[in-house]
Each structure stands twice: as C-alpha cells, then as structure tokens.
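Geometric and topological summary
One letter stands for each residue in the lines below.
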Amino acid sequence: MKTALINGSPKREKSVSALLLKELRDDLSEGEFLTYQIPLTIYNADEGISEIAEDLLTCDALVFAFPLYADGLPGHVTAYLRALEAAFAMLRNKQKQEKTPRVYGIVNCGFYEGKQTHLALDMMKLWCEKAKIDWGQGVGVGAGGMVYGLRNIPAGQGPKKAISGALRDLSEQVGTLGMAQDQFVSPGIPRILYKLAGEMGWRNQVKANGLTRRDLFTKRTD
Amino acid sequence: MKLIIHDLTQEQAQKWLPSGKEVKKITDRGVIQSCIGCFGCWVKTPGACILKDHYEDMGEKMARADELIIVSECVYGGYSPFVKTVMDRSISYLHPYFVIKNGEMHHRRRYKKDLTMRVYFYGEGLGEAEKQLARSVVEANALNYYADVKAVEFAERLEDLEVSKDENGTD
C-alpha cells in the first residue's frame, strides 16, 4: 500500500492541514508514504509536475488536504490540480500509468460548520473525473481556527472526538481503497463559544500588532 | 463603478470587456502572489492585504464598486487560478467577526453596502454538473460577500460571451 499525502496549506508552521494529515497518517500506520507540498503560486504550475505525476500514478491512494478559500479550492491548488490533470493525460498517452489511484480530500474551514467545505470537495470530484482517476471520500472540518489550539490533546479525546472519528473512518476507507459519503464535522464545543473565542482572538491579535480593537473596523473608503 | 475581475489577456479584455471611466478591470499581470493565510488583512493592516503586488487593495476596490463582474474560465466548477487568487486576496472586504446567516456562520460586513454580481464563465465541454457546481459557488460567494447575483452565464468560447456593456449606460 502506497499513499501520497499532499498538503495545499500556504503555511509551513501552524498548518491545520498538516495536523489533520499527520493524524490520518498515524491512523494508517502501515505502508509507504510520499509527502508533497503544493507550491504557493499560480504561475509555472507545470514545472517539475511530470515527475510528481509519474510518482503519484504509482500510488494506491492520494490524500489532499487544504484550507477552504472563498467557498472553494485556493487559487494555487486549482493551478496545481490542472497541471496534474495535464501531466496524467500525457503519461497515459505514453502508457506510463502504473496505477489508477483513489483520491481522498480533507478540507478545513474557519466557519463552524464543516459542511461549508462541500463545494470544494465537489470540485475535487470533478477534478477526478477529468483527470480520469477515482474519487474515494472527503472530510470537511469546521472551526479550523481552533484545531491548531487543540494539537496537544490526544486524538479522540474531548473536543477532538468528532474530528478524530471522521479521520479514523477516512483512514479505513484509504486503507481499503474504499468509497464513502463525505463526512462533515466540527470540534466538540458549542458554536457560540467558538464565535466568542474567535472574536476575542481577533481583538488580541490586533492589539498585539500595536493597534486597537476599533482598528478591526477600519473602512478604507473613509 | 463596475469592478471586473477577469483572466483575459490585455488584448482580449480590450475587445470583449466594457471599458470607460466607470469601469475598473483587474487583469493578470503575471505577478499576483497567493494568499498566505496570515489574516494580516484583518489584524495588521485592517481592510488591506499585506502583500504588495498591485492586488492588495481588492477589499477597498470592492467597497467602491456597485457591481462586481467576474469573467473566468470555468475550472472544476470554479474560477480559474488567477481569478480565484484575486478572490482569495479580497477577504479584507469583510470583517473578521462572525454572524449567523441562514443558520450558518459567515463573516460580518466591513462596509455598509450590497454588491450586485454578474459572473461569466467560459470553457469547452462544460457539463451540466459542472455548471450547476459553478452556480452554487457563485451563490455561496454572494452570501459571504453580501451580494445579489444578477447573472451566471456560460459560453463554450470567450467570443460567445456577452458581457453586459449595457443597462446602466456606462461605456
């Protein structure tokens, strides 16, 4: 079993996507893993992509993780997927396609409801159709803003229970190359608390930058 | 003012898009940087992106516009990489605080205004499922950006798109 873990987060530190991929990898435990970081640019997305594509087509499963940006795939993820689609087609023409991997997606969003990632997961499904590879399952994680803060809580414990459960289910699909309905989850805290904690977080951050809470309301048209 | 975010070349834009004093076009100059997810546009320079590459003032530009027009290749039921990156860089239009709308969490407004949106997608062989996804994406954007969707149109070729030069008599 060979699995590629492909991270589309723009962040090298404090990346929620990286944390979610790590937990999935721990659940899978066995097998060979390839890891990739999607470049943070929309230009020259085809640079070096054919080698990557060739390696990906030796995998049984591809797991993508990225943040939701404005209701969909981030621009740089779109560019990368399009370059991969073209590279896959070229390799198929040259009969260099070893396997047809199954694709899984983990999308996190700052809104409380994991369901708000569903359009990005549907875009991944459309990509699979066009790239002629198979779709497996998606997991949409809400309240992404607090996932990093929970990193030291053991998987499956307390507020992490629902997210860990969904990742465990996903790992079972990945491990058996299965296909299942998308799952949408949020951390185990009430929405109102997430909202209040988030707003307190913004006030603390703006003050840490030497501004006041009033500055959060700046209008550039004044 | 009309704000047009598009992925056409300069020449194509001149030929196919409205122009004039009341039109501001956001064109791919080959230099746009991708959103780094830092939220600096909310907590460091509120209302503007911290990346300085000619695309940092999208929030302000949207605030000054009445109508947002998007002309984009349809890619996996969404926008092309350039158009999407402009959208990704536009969240300074919103306020970081949350509100509950339609039973779901969204961002609070930064500006007291409503936009109208017209979206024109082009691309060969777009299936019904892809078009439906693209319509849903535009509706979701409109909900988040406090906008009213006036049109979502599709054409096989760019030449077939009729981007409204019309109605308000501008251009």
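Refer to the structure above for everything that follows.
About the thresholds
- Residues numbered from 1 in each chain as written.
- Chains lettered and ligands numbered in written order.
- Predicted model: local features only at pLDDT ≥ 70, side-chain atom pairs only at ≥ 80, totals over all residues.
- Heavy atoms only, no water.
- Pairing = 2+ DSSP bridges.
- Helix = DSSP H or I, 4+ residues; strand = E, 2+ residues; numbered from the N terminus.
- Right-handed = clockwise from strand over helix to strand, strands pointing away.
- Axes fitted to C-alpha atoms, helices over the stretch in contact; angles between N-to-C directions.
- Parallel < 35°, antiparallel > 145°, perpendicular 65-115°, else oblique.
- Left-handed = near helix turned anticlockwise from the far one by under 90°.
- Contact = heavy atoms within 4.5 Å.
- 1 Å grid on protein atoms, 1.4 Å probe; cavity = no way out; pocket = protein on both sides within 12 Å on 5 of 7 lines; lining within 4 Å.
- Points joined across faces, edges and corners; volume = space filled by probe spheres on them.
- Nonpolar A, V, L, I, M, F, W, Y, C, P; charged D, E, K, R; others polar.
- Patch = residues over 30% accessible without salt bridge, like charges linked within 9 Å, V, L, I, M, F, W, Y side chains within 5 Å.
- Areas by Shrake-Rupley, 256 points an atom, 1.4 Å probe, with all protein chains shown as cover.
- Salt bridge = Lys/Arg side-chain N within 4 Å of Asp/Glu carboxyl O.
- Buried < 20%, exposed > 50% of the residue type's maximum accessible area, 1.4 Å probe, protein only.
- Phe/Tyr/Trp six-rings, centres within 6.5 Å; stacked < 30°, edge-to-face > 60°.

All names here are of chain B. Note that strand β6 (residues 115–122) and strand β7 (residues 147–155) share 8 bridges and pair parallel. Along β7, the bridge assignment pairs M117 with V149. Crossover connection from β6 via helix α5 (residues 128–144) to parallel β7: handedness right-handed.

Here we take up the packing of helix α4 (residues 118–131) of chain A against α5(B). The contact between α4(A) and α5(B) brings their axes to 11 Å, and the two run at 155 degrees. With respect to α5(B), the axis of α4(A) lies roughly antiparallel. Here the hand of the crossing between α4(A) and α5(B) comes out left-handed. Of the residues in α5(B), those touching α4(A) at A:L119, A:D122, A:M123, A:L126 and A:K130 are B:E130, B:L133, B:S136, B:V137 and B:A140.

Residues and elements named next belong to chain A. A sheet is described by the order of its strands in space; here 6 strands give the open sequence β2-β1-β3-β4-β5-β6, paired in parallel fashion. The open sheet terminates on both sides in strands that have one partner only, identified here as β2 (32–37) and β6 (183–185). In this sheet, adjacent strand axes meet at a mean angle of 15 degrees when their direction is disregarded. Bridge analysis of strand β3 (residues 61–67) against strand β4 (residues 102–108) gives 7 bridges, and the strand direction is parallel. Pairing of A61 across the sheet is with R102, part of β4. Most of the contacts of α4 go to strand β5 (residues 134–141), to which it runs at about 165 degrees, and overall it touches β3, β4, β5 and β6.

Looking now at the layout of surface pockets. When its volume is computed, the largest pocket comes out at roughly 1,300 Å³. A:K11, A:G145, A:W202, B:G37 and B:F39 are, among the 41 residues lining the largest pocket, the residues nearest its centre. Secondary-structure elements contributing two or more residues to the lining of the largest pocket are α1 (16–28) and α6 (191–208) of chain A together with β4 (94–101) of chain B. The element that contributes the greatest number of residues to the lining of the largest pocket is α6(A), accounting for 6 residues. The class makeup of the residues in the lining of the largest pocket is 22 nonpolar, 14 polar and 5 charged.

Glancing now at a nonpolar patch on the surface. A cluster of nonpolar side chains, namely A:I192, A:L193 and A:L196, defines an oily patch on the protein surface of about 290 Å² accessible area. In this structure, A:L193 sits in helix α6.

Turning our eyes to something else, we now look at the pairing of strand β1 (residues 2–7) of chain A. Residue and element names in this part refer to chain A. When you tally the buried positions in β1, you get 6 out of 6 residues, the bulk of the element. Bridge count for β1 against β2 is 6 bridges, and the pairing is parallel. If you follow K2 over to β2, its bridge partner there is E32. Regarding the hand of the β-α-β motif, the stretch spanning β1, α1 and β2 is right-handed. Direction of pairing for β1 relative to β3: parallel, over a ladder of 5 bridges. Residue N7 lies in a different strand from β3, and its bridge partner there is A65.

Counted under the stated rule, the structure contains 14 aromatic pairs over all chains. With centroids separated by 5.8 Å and ring planes inclined at 85 degrees, the aromatic side chains of A:F217 and B:Y97 adopt a geometry described as edge-to-face. One end of the pair, A:F217, is in the segment after α6; the other, B:Y97, is in strand β4, on a second chain. Relative to B:F121, the ring of B:Y79 lies with its centre 5.6 Å away and its plane at 20 degrees, an arrangement referred to as stacked. With B:Y79 in the loop between β3 (67–73) and α4 (81–88) and B:F121 in strand β6, the pair connects residues that are 42 residues apart, well separated along the chain. Judged by its relative accessible area of 0%, B:F121 is buried.

Taken as a whole and judged by the stated rule, the model has 2 cavities of 30 Å³ or more. Each pocket or cavity is described by its volume, and for the largest cavity that value is around 120 Å³. As for the largest cavity, its lining consists of 13 residues, of which B:C35, B:C38, B:F39, B:C41 and B:C49 are closest to the centre. Residue composition of the lining of the largest cavity, by class: 9 nonpolar, 2 polar and 2 charged. Roughly 50 Å³ of internal volume is contained in the second largest cavity. In this structure, the second largest cavity is lined by A:L73, A:T78, A:M123, B:V75, B:G78, B:Y79, B:K84 and B:V137. Its residues placed into classes, the lining of the second largest cavity shows 5 nonpolar, 2 polar and 1 charged.

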